[in-house]
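One letter stands for each residue in the lines below.
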Amino acid sequence: MKEKLAIAALLPHAGLAGGVRRFVELGNRFQKRGHDFRIYMRETKKPDWLECDVPVLPLEKLSERTHDVVMCGDCGLLETMAAAPAKKRIVMIIGERYASKYRAFLERHPDALAVANSGRWNEYLPGVKAIAIPGGVNTAQFRPGPRGEGPFTINVVGRLDKKLEAVDLVLAAFKKLNWKDARVRIVADRPSRLPIRYFLLRKRIEQVSGTDQVKLVGYYQASDVSVTMERTAGWSNPTAEAMACGIPVICTRFGTTDFADETTALVVPVDDVAALVAALRKTREDPAAARARAAAALERIRKFDWEVVVEALTEVFRR
């Protein structure tokens, strides 16, 4: 049996976020494989929205032991990682929004290894040496299920008040379509105030909490299409999760290039409401084609299960 690894992951908080999900999902699996995985944060509070089987310790305890691997994707904690006693330090590149900060850190610390969560990292970090390990999604949790009754439902995960998630564009397209027998479901950690321009649509716009993971899966399953109009992302959790639930998706290229193409999704340009309107209309008017894309997407996204990510990371950790 190979020697177990001592692994540390640094997080800024335990709130609802893709980066938190990534390290917790990885930690749970590394722990089950017999490794010693610990999460270090400013607050020693485990996520209350996601099962977390690994210990969460205060950041000041990071220096008390030498880990085999310390990894971090949060730019505000990279220097903390650099100062930690470790055999290997890994920068988890999570998207182009922080490209300049990642580049600057890697130039200051050439001994650090960069691991990107998307195959397109070299588009925004040209010249930087990195390893692409895209993923992941919990395919045991996010899986196809019964649709149930209800009107044609457009599912969108994100907050209205977060500009980069571009939820407002979905409402703008929905307004143009003027479908009286359909609804938009906005899934977020908390509801946002609905802009006045959508006041007349308020009875067809549902805002629900996505913190309960069982309910989150149910929201995907009870949808006819899932839309993510993200303006930037390294790995689009909502798109991957919807695909794993067998739901047709419409998305931008941000965070989706590893699994979304013409066979698995309708990929639309960023900020293009007209293209989104056309994609939504195409999805509804040709359900057979939408189901075919969803089936192809389900098959492809299974290749990005967290277990696959753990296997790839383990190989990197042991080099």
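Note that the structure is a prediction, hence the values are computed from the model and not measured.

Some thoughts on a nonpolar patch on the surface
Point 1. Judged by side-chain polarity, Ile196, Phe199 and Leu200 come together as a nonpolar surface patch covering roughly 400 Å² of accessible area.
Point 2. The topology assignment puts Leu200 in the loop between β9 (182–188) and β10 (205–209).

Digging into the pairing of strand β2 (residues 36–41)
Point 1. Counting buried residues along β2, 5 of its 6 residues qualify, which places the element largely inside the surrounding structure.
Point 2. Bridge count for strand β1 (residues 6–10) against β2 is 5 bridges, and the pairing is parallel. From the neighbouring strand, Leu10 faces β2, where its bridge partner is Tyr40.
Point 3. Following the chain from β1 across helix α1 (residues 18–32) to the adjacent parallel β2, one finds a crossover that is right-handed.
Point 4. Taken together, the 3 bridges between β2 and strand β3 (residues 56–58) define a ladder with parallel strand orientation. Paired with Tyr40 across the two strands is Leu57, which belongs to β3.

Things to note about helix α7 (residues 237–244)
Point 1. Taken across its 8 residues, α7 has 8 buried, putting it largely inside the fold.
Point 2. All buried positions along α7 are accounted for by Asn237, Pro238, Thr239, Ala240, Glu241, Ala242, Met243 and Ala244.
Point 3. Buried residues along α7 sit in contact with α1, β8 (152–157), α6 (213–221), β11 (225–228), β12 (249–251) and α9 (287–301).
Point 4. Just past α7, the residue Gly246 takes up positive phi, approximately 75°.

Observations concerning the sheet that holds strand β6 (residues 113–116)
Point 1. Ordered in space as β3-β2-β1-β4-β5-β6-β7, the 7 strands form an open sheet in which the pairing is parallel. Of all strands in the sheet, those with a lone pairing partner are β3 and β7 (131–132), marking the two edges.
Point 2. Relative to strand β4 (residues 67–72), β1 runs parallel, the two sharing 4 bridges. In the sheet register, Ala8 faces β4, and the bridge partner there is Val70.
Point 3. Sheet strands in contact with α1 are β1, β2, β4 and β5 (86–93), and its direction is about 155° off that of β2.

Rules and cut-offs
Residues numbered from 1 in each chain as written. Predicted model: local features only at pLDDT ≥ 70, side-chain atom pairs only at ≥ 80, totals over all residues. Heavy atoms only, no water. Patch = residues over 30% accessible without salt bridge, like charges linked within 9 Å, V, L, I, M, F, W, Y side chains within 5 Å. Areas by Shrake-Rupley, 256 points an atom, 1.4 Å probe, with all protein chains shown as cover. Salt bridge = Lys/Arg side-chain N within 4 Å of Asp/Glu carboxyl O. Helix = DSSP H or I, 4+ residues; strand = E, 2+ residues; numbered from the N terminus. Buried < 20%, exposed > 50% of the residue type's maximum accessible area, 1.4 Å probe, protein only. Pairing = 2+ DSSP bridges. Right-handed = clockwise from strand over helix to strand, strands pointing away. Contact = heavy atoms within 4.5 Å. Axes fitted to C-alpha atoms, helices over the stretch in contact; angles between N-to-C directions.

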